[in-house]
Every structure is written in structure tokens, then in C-alpha cells.
Amino acid sequence: MDKLRGMETFIAVVECGSFTAAAMRLEMSAVMVGKYIALLETQLGTRLLERNTRRQSLTDAGRVFFEEAKRVLEQVSIAESAVERLRATPAGTLRVSAPTSFGGCVIAPLTATFLRRYPDVRVELDLTNRMVDLVDEGVDLAIRIGDIHNDYLVAKYLCPYRMVICASPDYLAHHGTPLTPTDLVDHLCLSHTVWTARNEWRLPGVEGEVRWKRDAILRCNDGYGLRMAAMGGAGLLLQPEVLVAEALADGRLVRVLENFTPEPRPVHLLWRQDLRPLPKLTEFVAHILKGVPSILSPF
């Protein structure tokens, strides 16, 4: 039996004075009201009502249960109202997971404008390249780069994740400009330590794919460090377009091999399926979908 429904029925019987009046309030039959009371008394192991053909009265246990049951239902009502407030306007904590580089350059600034618009929301933004489990880790929204293979999550395409090959003008002046990926054999290349044979970037070459040079002159576990080295003339750099945009715009880095960059990877927003997602999530998703094109448009 639904205990809350049983409590509600018992309270209605006491306040209305009879099973028939309680049944009218609850829009159920008097027989069903009697069943709820009988089952409730069986579960509690005591009588709550003394009744005869003319009147009914509360037992001592009934009086105690009546007061406590009313308090319980009041708390349930308060909890339901709090949830309804959350559903009426964006509020509460939103937990978001995003790739380190894309999240820092794109998601973080958009989060700032979202928070100015909705001051009752708090965002926990976890920048990580680890594949988080939304259900087990209590994450509301994840941004992922690459193809999605999950039937249990809602996936919304966000944008392409484009890569750029570039170098400093000083490097190109000393080493020349590569014209095809096969020219990489004669150039100094920079590489990220997370790139392995499993997830390395491959360039569409003149005759088949060409892997980004494995014997890099510099390997680093930080993208910012690689950009600084490239601007210092250390070698050719392969990085997401959004990370090198400013350096490209002011001439500190120059694009090369523009016709041979890796195929863009799709970026998706992922969230758990819910019949009625809370406004904090739906509004954040809408904000990201609207804001990303304006951030990426200069590129």
C-alpha cells in the first residue's frame, strides 16, 4: 500500500467525520477508503479509529498518528513545492563536464554569461578529458568530442572540432613551408603526450593518410606549453583552431597545410533522458547552443 496515500485517507476520514465524506473529498469509493484504513491499521498493528453505526472516534494511537501524519504530509507538500519552484525557473546546482581545452575556451565564458542571466543557478564545471559516467557521477551535462555510441543519453550536435597546423613566421623562415604531409619528415614537429597510436591525428595525404610525426622534437602534456613553444619557433604545431585563434589573428602563428588538416570531429552535448528536464538544464543547453556559433564564428 502507498503509505502516503493511506495517511492522506486517514486524515480525510478524521477531518470529514465519516468514510463517505472522506470518499467524496478524495474522489474514491467509501469501500476503498475502508480498505486503506484497514490496511493502515494492519501495518501499524493497532486500531486508529473506534467506530459504530452512528459515530467514530480516534483511539489514543489514532490521535498520535493523526498529528504525525499531518506533519509528514505537510513536509511532503513543502518538498513538492520546492521541486516545482525548480521546474518553474532555473535554480540549483548544475554539474557540467567538458574536455579541458574546449571547456576552458568555449564553455567557461558561456557559463559566465549564463550565471549573470540566472543568478539562482550554481555551476560545477569539471574540465577533464576523462569519459565521465553521467549517472554514476551525478553529472547533468557532458560535452564530448567524437562520435557518440550511447542509446541511454540524449545527444545534441553542437559544432565541429577543427584542427589547425601552424608555426611561427621565424620557424618558417628558417625551415621553409611544408606543402604536403609527406614534407613533415623534414620538419620539426610538436606533439601532445596524450597522443598515442590509438588516438593520434592522421592527415589526409596525397597518397593515403599520413600520421602526425611521432618522433616529435618536443612532447608536452599541456597545450598552452606547446603553443608557447611554437610561437618561440620550436616547430610545427597541430592544435584545435579555437586555441590558436588569437595567435593566428595577430600573426604570431601562421597556418600551413590548410588542405591537409585532419577531418573535423563532432562535438555533442549529452544529458540523461528525463520526461521533464529541470529549467537549469534546458536553459543552459539552449544558452550553449546559441552561444557557441558566436564564439567560433571568427574562426
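Residues numbered from 1 in each chain as written. Predicted model: local features only at pLDDT ≥ 70, side-chain atom pairs only at ≥ 80, totals over all residues. Heavy atoms only, no water.

Right, let's talk about the packing of aromatic side chains for a bit. Aromatic ring pairs are defined here through the distance separating the ring centres and the angle between the ring planes. Tallying each qualifying case throughout the model produces five aromatic pairs. Measuring from ring centre to ring centre gives 5.0 Å for F114 and Y118, while their planes differ by 50 degrees; the resulting arrangement is tilted. Classification of Y118 by relative accessible area gives buried; the value is 13%. On the basis of an interplanar angle of 90 degrees and a centroid distance of 5.0 Å, the ring pair of F114 and F284 is categorised as edge-to-face. Of this pair, F114 sits in helix α5 (residues 100-117) while F284 sits in helix α9 (residues 279-296); the two residues are 170 residues apart in sequence, bridging distant segments of the chain. Exposure class is identical for F114 and F284. Each is buried. Of the aromatic side chains, those joined through ring pairs into one cluster are F10, F65 and F66. (Phe/Tyr/Trp six-rings, centres within 6.5 Å; stacked < 30°, edge-to-face > 60°. Buried < 20%, exposed > 50% of the residue type's maximum accessible area, 1.4 Å probe, protein only. Helix = DSSP H or I, 4+ residues; strand = E, 2+ residues; numbered from the N terminus.)

Right, let's talk about the pattern of salt bridges for a bit. Scanning the entire structure with this criterion turns up ten salt bridges. Ionic pairing is found between E137 and R130, a salt bridge with its closest N-O pair at 3.0 Å. Judged by relative accessible area, E137 falls into the partly exposed class, the value being 37%. Of the charged contacts, one joins D250 and R252 as a salt bridge, the two residues approaching to 2.8 Å between their closest N and O atoms. You can call D250 partly exposed: its relative accessible area is 47%. Overall, R252 belongs to the partly exposed group, its relative accessible area being 39%. (Salt bridge = Lys/Arg side-chain N within 4 Å of Asp/Glu carboxyl O.)

Here α5 contains 18 residues, and its C-alpha end-to-end distance of 24 Å stays within 8% of the 26 Å for a straight helix at 1.5 Å per residue. At I107, α5 shows its largest bend, some 40 degrees, and a proline, P109, comes one to four positions later. (Expected span 1.5 Å × (residues − 1). Bend = angle between axes of the 7 residues up to and from the residue.)

Moving on, we come to the sheet that holds strand β13 (residues 254-255). Two modes of strand pairing occur in sheets, parallel and antiparallel, and in both the strands are linked by backbone hydrogen bonds. Read from one edge of the open sheet, three strands run β12-β7-β13, paired in antiparallel fashion. On the outer flanks of this sheet lie β12 (237-240) and β13, each paired with one strand and no other. The pairing of strand β7 (residues 163-167) with β12 spans four bridges and is classified as antiparallel. Paired with V164 across the two strands is Q239, which belongs to β12. Running over the sheet, helix α8 (residues 241-249) touches β7, β12 and β13 and is turned about 115 degrees from β12. (Pairing = 2+ DSSP bridges. Contact = heavy atoms within 4.5 Å. Axes fitted to C-alpha atoms, helices over the stretch in contact; angles between N-to-C directions.)

Summarising burial for β7: five of the five residues are buried, a large majority. The side-chain alternation of β7 yields two buried faces, one formed by M163, I165 and A167 and the other by V164 and C166. Inspection of the sheet shows β7 paired to β13 by two bridges, in the antiparallel sense. Residue C166 lies in a different strand from β13, and its bridge partner there is R255.

On to the nonpolar core. Ranked by internal contacts, the top residues of the largest apolar core, which has 42 residues, are F102, L141, I143, W212 and L236. The dominant element in this core, judged by the number of residues it contributes, is α9, at six residues. (Core = buried A, V, L, I, M, F, W, Y, C linked by side-chain atoms within 4.5 Å.)

Moving on, we get to the sheet that holds strand β4 (residues 121-127). Spatial ordering of the open sheet is given by β4-β3-β5-β14-β6, a layout of five strands whose pairing is mixed. Single-partner strands in this sheet number two, and they are β4 and β6 (153-161). The mean angle between the axes of side-by-side strands here comes to 20 degrees, regardless of whether they run parallel or antiparallel. The strands that α5 touches are β3 (92-98), β4, β5 (141-145), β6 and β14 (265-272); relative to β4, the one it contacts most, it runs at about 175 degrees.

Let us look at the packing of helix α2 (residues 19-26) against helix α3 (residues 30-44). Viewed as axis vectors pointing N to C, α2 and α3 meet at an angle of 105 degrees, and their least axial separation amounts to 8 Å. Regarding the angle of α2 to α3, the classification is roughly perpendicular. Each of F19, T20 and A23 in α2 lies in contact with α3, whose residues at this interface are A30, V33, G34 and I37. Taken together, the residues of the contact of α2 with α3 break down into five nonpolar, two polar and no charged. (Parallel < 35°, antiparallel > 145°, perpendicular 65-115°, else oblique. Nonpolar A, V, L, I, M, F, W, Y, C, P; charged D, E, K, R; others polar.)

Locating H287 in the fold gives a position in helix α9. Using a relative accessible area of 16% as the deciding quantity, one classes H287 as buried. At 2.7 Å, the side chain of H287 forms a polar contact with the side chain of T113. (Polar contact = N/O pair within 3.5 Å; in protein donor to acceptor, adjacent residues only side chain to side chain.)

Attention now moves to unusual backbone geometry. Although it is not a glycine, E27 adopts a positive phi angle of roughly 60 degrees. Following the sequence through the fold, E27 ends up in the loop between α2 and α3. With a phi angle near 50 degrees, L257 is a residue other than glycine that sits in the positive phi range. Here L257 lies in the loop between β13 and β14.

All quantities given are derived from atomic positions and should not be read as evidence of function.
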